[in-house]
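Here are the chains, one letter per residue:
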Amino acid sequence: MERLHNLDFLRIVFTFEILLAHVLFEVNLPNHGGFCVEFFFILSGVVFTLTYDKSKSVYDFLKEKIIRFLPIITICSLLRILTKGVNLRRFFIDISLLPYPGMINEDGYGEVAWYITILFWVSLFYFYLLKISKKETANLVIGLISFISLIALSKFGGGKWGTLEKAGQLGYLINSSFLRGLSGMGVGFFLVKICRDIDFGFKNKMLISLFEAVVLIYSIICLFIKKTYFGLYPFGIICFATLILLFMKNRGYVTQFLNKPIFTNLSRYCLAIYVIQPMFVFDLLKKSVRLHHDYVFSHKMLIIVAFLITPIMAGALVHLFLERPLTAWLKRRMDNIKIKSEAAAAD
C-alpha cells in the first residue's frame, strides 16, 4: 500500500488537539482532549502493520525503535532541566523508557512521554508475537488481547498511575496505560486487514465524501464538548477507527483532497511538538496562572493562542536542529557497532 498522506494530516490535527486540550485545561476549561492518545495508538497500530517485515530480526526492530524515540526523549528531558531543575533520577526514568508500563510508577521529566514508552513496549511485544507465531494464532491472540483490554478499560477506566484500582486489589497490578496501547494498536492491526480484505462496494462518491466530513468534524469537535460519546469508551474507539478506515480507503473527495505530500512533511514535527509541550504548558503556563492569575484570566484568549504557538515553534526548532542531527548520529553509531560485531563474529 502506498503511503497515505491523509493519515499524516490526521496526525497533525490530533497532535494539535492534544496541545490545545492541555492548554485549555490549565486555564480551567475541561475537555476530553486526552482521549486523542487513543487515536494515536490506533494509528500506530496501522503503521506498524503496514510496515511489518517478518524477515527483520528482533534486534533490528528494537534498534529502529530506540533510534526513533531515544533522541527526542533525551533532548526534551535535558531541556526540561531549565524549568524543573536537575534530577538525575527523573532523567534516568525517561531515557530508560520505563515509566508507566507497570515497571516504574513515577514521572520522569516528560509527563506526556508515557505514550512513547507504552508504544515502544507494545510494538516490541506485537512484533515478537507476529514473528514467532503462525498468522492465525497471532490474529487470535491479538484479537483476544484487544477485546479484553477494551472491556477492562470500558468497565474500570484508569486510576492513579494508570492502574485499574476500581477492579479491586488485582487491579493495582494491571496497568491501564499499557492496556490502552495493547487495545489501540490491536484495533489498528485489524483495521489494516479490513482495509485490505473487505470491499464495502459502496460507489457513491458524494455520499462517501459527506460521511468522511461528518466523521472527521465529529471526532474533532466532540473532544471539546462536555456531554459526548467519549463518556462511552468503546464508542470513542469506534469513531476513531471509522475515521482512520475511511482515510485508508481514500474513496471520497475529502480524503483524496487531503492526500497531499505536504502533510507528511509537516507531520515530521509532531512528535517533537508533543514531547516538548510540557515545558511550556505544565511549567510556564501553570506558573503564569499561579503568579499572574488575574491577568491570565482577563486575557484568556491571548494566553491560549500564545501557548499554542510557542510549543509548535519550539518543537519545530527542536526537530530541525537537535532531533534530526542526534538521530542521524545515533543511527551511524549503532550501524557501526553492528558492522564491527558481524566482522568479529566472522573472524
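Residues numbered from 1 in each chain as written. Predicted model: local features only at pLDDT ≥ 70, side-chain atom pairs only at ≥ 80, totals over all residues. Heavy atoms only, no water.

Draft legend 1. Representation of the packing of helix α3 (residues 58-84) against helix α4 (residues 88-95) within the structure. For the pair α3 and α4, interaxial distance at closest approach is 9 Å and the crossing angle is 160°. For the element pair α3 / α4, the angle class is roughly antiparallel. Note on packing geometry: the crossing formed by α3 with α4 is right-handed. Between α3 and α4, the contacting residues are Leu70, Ile73, Thr74, Ser77, Leu78 and Lys84 on the first element and Arg90, Phe91, Asp94 and Ile95 on the second. Tallied by class, the residues present in the contact of α3 with α4 amount to 5 nonpolar, 2 polar and 3 charged. (Axes fitted to C-alpha atoms, helices over the stretch in contact; angles between N-to-C directions. Helix = DSSP H or I, 4+ residues; strand = E, 2+ residues; numbered from the N terminus. Parallel < 35°, antiparallel > 145°, perpendicular 65-115°, else oblique. Left-handed = near helix turned anticlockwise from the far one by under 90°. Contact = heavy atoms within 4.5 Å. Nonpolar A, V, L, I, M, F, W, Y, C, P; charged D, E, K, R; others polar.)

Draft legend 2. Focus on the packing of helix α5 (residues 114-132) against helix α7 (residues 176-197). α7 packs onto α5 with a crossing angle of 55° between their chain directions and a minimal axis gap of 9 Å. Looking at the two axes, α5 sits oblique to α7. Viewed along their axes, α5 and α7 form a crossing whose handedness is right-handed. Residue-level inspection shows Trp114, Ile118, Leu119, Trp121, Val122, Ser123, Phe125, Tyr126 and Leu130 of α5 in contact with α7, the latter providing Ser177, Phe178, Arg180, Gly181, Leu182, Met185, Gly186 and Phe189. Residues belonging to the contact of α5 with α7 are distributed by class as follows: 12 nonpolar, 4 polar and 1 charged.

Draft legend 3. Structural detail: the side chain of Glu26. Counting through the fold element by element, Glu26 comes out in helix α1 (residues 5-26). According to the relative accessible area criterion, Glu26 is buried, its value standing at 11%. Apart from residues lying up to four places away in sequence, Glu26 is in contact with Val281, Phe282, Leu285, Lys286 and Val289. (Buried < 20%, exposed > 50% of the residue type's maximum accessible area, 1.4 Å probe, protein only.)

Draft legend 4. How the structure looks around helix α8 (residues 205-221). When the terminal C-alpha atoms of α8 are compared, their 24 Å separation across 17 residues agrees well with the 24 Å that a helix rising 1.5 Å per residue should span. Looking at the buried side of α8, the elements it contacts are α1, α9 (233-249) and α10 (253-257). (Expected span 1.5 Å × (residues − 1).)

Draft legend 5. Just the environment of Phe25, in detail. The topology assignment puts Phe25 in helix α1. Overall, the relative accessible area of 54% leaves Phe25 in the exposed class. On a C-alpha basis, the gap between Phe25 and Val281 in space is 9.6 Å, while along the polypeptide they are 256 residues apart. Those residues in contact with Phe25, other than ones at most four positions away along the chain, are Pro30 and Asn31.

Draft legend 6. Structural view of helix α14 (residues 300-346). When the terminal C-alpha atoms of α14 are compared, their 65 Å separation across 47 residues agrees well with the 69 Å that a helix rising 1.5 Å per residue should span. Along α14, the largest kink reaches about 45° and is centred on His319. For α14, every residue scored as buried is listed here: Ile303, Ile304, Phe307, Leu308, Pro311, Ala314, Gly315, Val318, His319, Glu323, Leu330 and Met334. For α14, the elements touching its buried residues are α1, α3, α12 (270-291) and α13 (293-298). (Bend = angle between axes of the 7 residues up to and from the residue.)

Draft legend 7. Examining the nonpolar core more closely. Leu7, Leu10, Phe14, Tyr115, Tyr126 and Ile244 are the most contacted members of the largest nonpolar core, which totals 89 residues. Excluding its chain neighbours within four sequence positions, the residues that come into contact with Ile244 are Leu7, Phe39, Ile42, Leu43, Val46 and Leu191. (Core = buried A, V, L, I, M, F, W, Y, C linked by side-chain atoms within 4.5 Å.)

Draft legend 8. A look at the packing of aromatic side chains. Tallying each qualifying case throughout the model produces 17 aromatic pairs. Both rings, one in Phe40 and one in Tyr115, keep their centres 6.2 Å apart while their planes meet at 65°; by these two values the pair is edge-to-face. Of this pair, Phe40 sits in helix α2 (residues 36-51) while Tyr115 sits in helix α5; the two residues are 75 residues apart in sequence, bridging distant segments of the chain. A single burial state applies to Phe40 and to Tyr115, both of which are buried. Centroid distance Phe41 to Trp114: 6.1 Å. Interplanar angle 55°. Geometry classified as tilted. In this pair, Phe41 is assigned in helix α2 and Trp114 in helix α5, connecting sequence segments 73 residues apart. The structure contains a cluster of three or more aromatic residues connected by ring pairs, namely Phe14, Phe35, Phe39, Phe40, Phe41, Trp114, Tyr115, Phe240 and Tyr274. Over the ring of Tyr109 we find Arg90; its NZ or CZ atom is 5.9 Å from the centre of that ring. When the ring centre of Phe257 is taken as reference, the NZ or CZ atom of Lys260 above it lies at 4.4 Å. (Phe/Tyr/Trp six-rings, centres within 6.5 Å; stacked < 30°, edge-to-face > 60°. Lys NZ or Arg CZ within 6 Å of the ring centre and 35° of its normal.)

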